[in-house]
Amino acid sequence: MSVLPLVFTSGWASGINAYAVVLLLGLFGATGLTDEVPASLQRTDVLVVAGLLFLCEAVADKIPYVDSVWDSVHTVIRPAAGAVVGALLAGQSGSLPEIAAGALGGSTALASHVVKAGTRMAVNTSPEPFSNIVLSGAEDLGVAGIVTFAMFHPTAAAVVAAVLLATGIALLVYLWSRIRRFWRRRAQRREEKRMGAVRGAPPY
């Protein structure tokens, strides 16, 4: 069976939470649930690091504005993780060229990362923190559920991931005005801090 659906699904999930993807795939491989996972993802040190980073993301991702900073830092990390995981899965399966799998996993991760980051910017226009917590929890559960589902029904999971990605892109287009407002508010706060620092500077 081609590993293409699993590469696509893991790429989509990596764009949302790359550490959860690495951790879940590694655990599934280590417990013998699947033989599609390469040994490099099952190593104890990889699982420990992925677990610790997953916990860090679980906290940072639920704090307004901190989540957007975290997303900015991961603009390169998540697509790179999607590409690496895709290439490793293809190398393990042998049914898809590693370069093609890496390109698919990386580009899918980039697309879902843009949707995630953009949606968070829109949510951060609301002053209350509960929407961030609910959305982050839903994302974590969604990644865990779909990656687990992909172990048993890879094609169906890929279809679900594709529908969620397309829905996310449509939602992002709809929320674009709120995202622009977020960036204006952020620029205004920076300007206010700069002016405050200038006014508070001692005269010479």
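Our subject is the structure that appears above.
This report concerns the structure included in the present document.

Rules and cut-offs
- Residues numbered from 1 in each chain as written.
- Predicted model: local features only at pLDDT ≥ 70, side-chain atom pairs only at ≥ 80, totals over all residues.
- Heavy atoms only, no water.
- Salt bridge = Lys/Arg side-chain N within 4 Å of Asp/Glu carboxyl O.
- Helix = DSSP H or I, 4+ residues; strand = E, 2+ residues; numbered from the N terminus.
- Buried < 20%, exposed > 50% of the residue type's maximum accessible area, 1.4 Å probe, protein only.
- Core = buried A, V, L, I, M, F, W, Y, C linked by side-chain atoms within 4.5 Å.
- Contact = heavy atoms within 4.5 Å.
- Patch = residues over 30% accessible without salt bridge, like charges linked within 9 Å, V, L, I, M, F, W, Y side chains within 5 Å.
- Areas by Shrake-Rupley, 256 points an atom, 1.4 Å probe, with all protein chains shown as cover.
- 1 Å grid on protein atoms, 1.4 Å probe; cavity = no way out; pocket = protein on both sides within 12 Å on 5 of 7 lines; lining within 4 Å.
- Points joined across faces, edges and corners; volume = space filled by probe spheres on them.
- Expected span 1.5 Å × (residues − 1).
- Polar contact = N/O pair within 3.5 Å; in protein donor to acceptor, adjacent residues only side chain to side chain.

## Some words on the pattern of salt bridges
Here is step 1: Applying the stated criterion to the full structure yields 9 salt bridges.
Here is step 2: Here Lys116 makes a salt bridge to Glu139, at a shortest N to O gap of 2.7 Å. Taken together, the residues Lys116 in helix α4 (residues 98–123) and Glu139 in helix α5 (residues 130–152) connect sequence positions 23 residues apart. The exposure classification of Lys116 matches that of Glu139, with both residues buried.

## Notes on the nonpolar core
Side chains of nonpolar character tend, in soluble globular proteins, to be buried together.
Here is step 1: Val3, Trp12, Leu25, Val143 and Val147 are the most contacted members of the largest nonpolar core, which totals 33 residues.
Here is step 2: Breaking this core down by element, the ones donating at least two residues are α1 (4–30), α2 (44–60), α3 (66–93), α4, α5 and α6 (154–174).
Here is step 3: For this core, the element with the most residues is α1, which contributes 13 residues.
Here is step 4: Sequence-distant contacts of Val143, defined by excluding residues within four places in its chain, comprise Ala13, Ile16, Asn17, Ala20, Val21 and Leu24.
Here is step 5: Formed by 6 residues, the second largest nonpolar core is a distinct cluster that contains Ala122, Leu172, Ile179 and Phe182.

## Quick word on the side chain of Thr9
Here is step 1: Relative to the assigned elements, Thr9 resides in helix α1.
Here is step 2: Discounting chain neighbours no more than four positions away, the residues touching Thr9 are Ile146, Ala150, Pro154, Ala157, Ala158 and Ala161.

## Points about a nonpolar patch on the surface
Here is step 1: Residues Val48, Leu52 and Leu55 make up a contiguous nonpolar surface patch of roughly 290 Å² in combined accessible area.
Here is step 2: As for its position among the elements, Leu55 is in helix α2.
Here is step 3: A relative accessible area of 51% means that Leu55 is categorised as exposed.

## Description of the layout of surface pockets
In this approach a probe as big as a water molecule rolls over the atoms, and the regions it shows empty are the leftover space.
Here is step 1: Here the largest pocket is characterised by a volume of approximately 350 Å³.
Here is step 2: Contributing to the lining of the largest pocket are 15 residues, with Trp12, Ile16, Val115, Glu139 and Leu164 lying nearest its centre.
Here is step 3: Elements supplying a minimum of two residues to the lining of the largest pocket: α1, α4, α5 and α6.
Here is step 4: Examining the composition of the lining of the largest pocket, we find that 5 residues originate from one element, α6, more than from any other.

## Here we look at α2
Here is step 1: If you check α2, its first and last C-alpha atoms are 24 Å apart, about what 17 residues at 1.5 Å a residue would give, namely 24 Å.
Here is step 2: Along α2, the residues classified as buried are Leu47, Ala50, Gly51, Glu57, Ala58 and Ala60.
Here is step 3: Summarising the contacts, the buried residues of α2 are in contact with α1 and α3.

## Describing the environment of Asp67
Here is step 1: Relative to the helices and strands, Asp67 resides in helix α3.
Here is step 2: Separated by 54 residues in sequence, Asp67 and Met121 have C-alpha atoms that sit 8.9 Å apart.
Here is step 3: Asp67 has contacts with Ala60, Asp61, Arg120, Asn124 and Asn132, leaving out every residue within four places of it along the chain.
Here is step 4: Reaching out from Asp67, the side chain makes a polar contact with the side chain of Arg120 at a distance of 3.0 Å.

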